[in-house]
Amino acid sequence: MYDRSISERNTVVAQLHPQPQPHPILGAVADARSALTDVRDVQPVYMTPAEKTTALQEITALEATLTDLKLRVLAVSGDVADAAGARDIGSWAAHLTHADPTTARAHDRRYEADRLPNGDLRFHRRP
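Residues numbered from 1 in each chain as written. Predicted model: local features only at pLDDT ≥ 70, side-chain atom pairs only at ≥ 80, totals over all residues. Heavy atoms only, no water.

(A) View of the overall build of the protein. Summing up its helical and strand segments, the protein has six helices and two strands in all. Going residue by residue from the N terminus, the α and β elements of the protein occur as α-α-α-α-α-α-β-β. Here the protein holds 127 residues, and the buried ones make up 13% of them. When contacts within the protein are restricted to residue pairs at least 6 apart in sequence, those whose partners lie at least 24 apart make up 26%. A total of about 10,400 Å² of accessible surface is found on the protein, and carbon and sulfur atoms cover 59% of it. (Helix = DSSP H or I, 4+ residues; strand = E, 2+ residues; numbered from the N terminus. Buried < 20%, exposed > 50% of the residue type's maximum accessible area, 1.4 Å probe, protein only. Contact = heavy atoms within 4.5 Å. Areas by Shrake-Rupley, 256 points an atom, 1.4 Å probe, with all protein chains shown as cover.)

Put into structure tokens, the structure is as follows:
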């Protein structure tokens, strides 16, 4: 009788029962956190002036991109807030992230999502 090694059996089991892939947003956030964790102990004091300038510009752009993503996720989180029994998305987000409720509610109101005919969402800032 053919006896498979444990790793061969695990490979067969993994092929029969594939793990669901994380949503692309979750993967991107995990990658970004990992990359930033990798440089947590790197000292910027040794950067050249040009590197410092570029780093500050890129960090600011990254913050804007991250804030945009956060607001887009908040804009479609009403179902989760309702399921959690929160009175609105801002209250739910404040509780979840330990943020100031006033700020979280203001962030909640910054984006609006419109459903397009194909089912996709189009996001835009509220006036």
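(B) Fine view of the nonpolar core. Judged by nonpolar contacts, Leu-71, Leu-74, Ala-81, Ile-89, Trp-92, Ala-93, Ala-94 and Ala-104 together constitute the single largest core of eight residues. Contributions of two or more residues to this core are made by helix 3 (49-75) and helix 5 (89-97). The element that contributes the greatest number of residues to this core is helix 5, accounting for four residues. Apart from residues no more than four positions distant in its own chain, Ala-104 is found in contact with Gly-90, Ala-93 and Ala-94. (Core = buried A, V, L, I, M, F, W, Y, C linked by side-chain atoms within 4.5 Å.)

(C) Here's a closer look at the confidence of the model for the protein. For the protein, the mean per-residue pLDDT works out to 83, and 72% of the residues sit at or above 70. Between the elements of the protein, mean pLDDT differs from a low of 63, seen in strand 1 (residues 111-115), to a high of 96, seen in helix 2 (residues 24-38). (pLDDT = per-residue confidence, 0-100.)

(D) Local environment of a nonpolar patch on the surface. Residues Leu-36, Val-39, Val-42 and Leu-62 make up a contiguous nonpolar surface patch of roughly 370 Å² in combined accessible area. Structurally, the position occupied by Leu-36 is in helix 2. (Patch = residues over 30% accessible without salt bridge, like charges linked within 9 Å, V, L, I, M, F, W, Y side chains within 5 Å. Salt bridge = Lys/Arg side-chain N within 4 Å of Asp/Glu carboxyl O.)

(E) View of the side chain of Ser-77. With respect to the element layout, Ser-77 can be found in the loop between helix 3 and helix 4 (78-83). Excluding its chain neighbours within four sequence positions, the residues that come into contact with Ser-77 are Ile-89 and Trp-92.

(F) Summary view of the packing of helix 5 against helix 6 (residues 101-108). The geometry of helix 5 relative to helix 6 is characterised by a closest axis approach of 8 Å and an angle of 130° between their N-to-C directions. In terms of their interaxial angle, helix 5 and helix 6 are classed as oblique. The way helix 5 lies across helix 6 gives a crossing that is right-handed. Judged by residue contacts, Ile-89, Gly-90, Ser-91, Ala-93 and Ala-94 of helix 5 engage Pro-101, Ala-104, Arg-105 and Asp-108 from helix 6. Residues of the contact of helix 5 with helix 6, tallied by class, amount to five nonpolar, two polar and two charged. (Axes fitted to C-alpha atoms, helices over the stretch in contact; angles between N-to-C directions. Parallel < 35°, antiparallel > 145°, perpendicular 65-115°, else oblique. Left-handed = near helix turned anticlockwise from the far one by under 90°. Nonpolar A, V, L, I, M, F, W, Y, C, P; charged D, E, K, R; others polar.)

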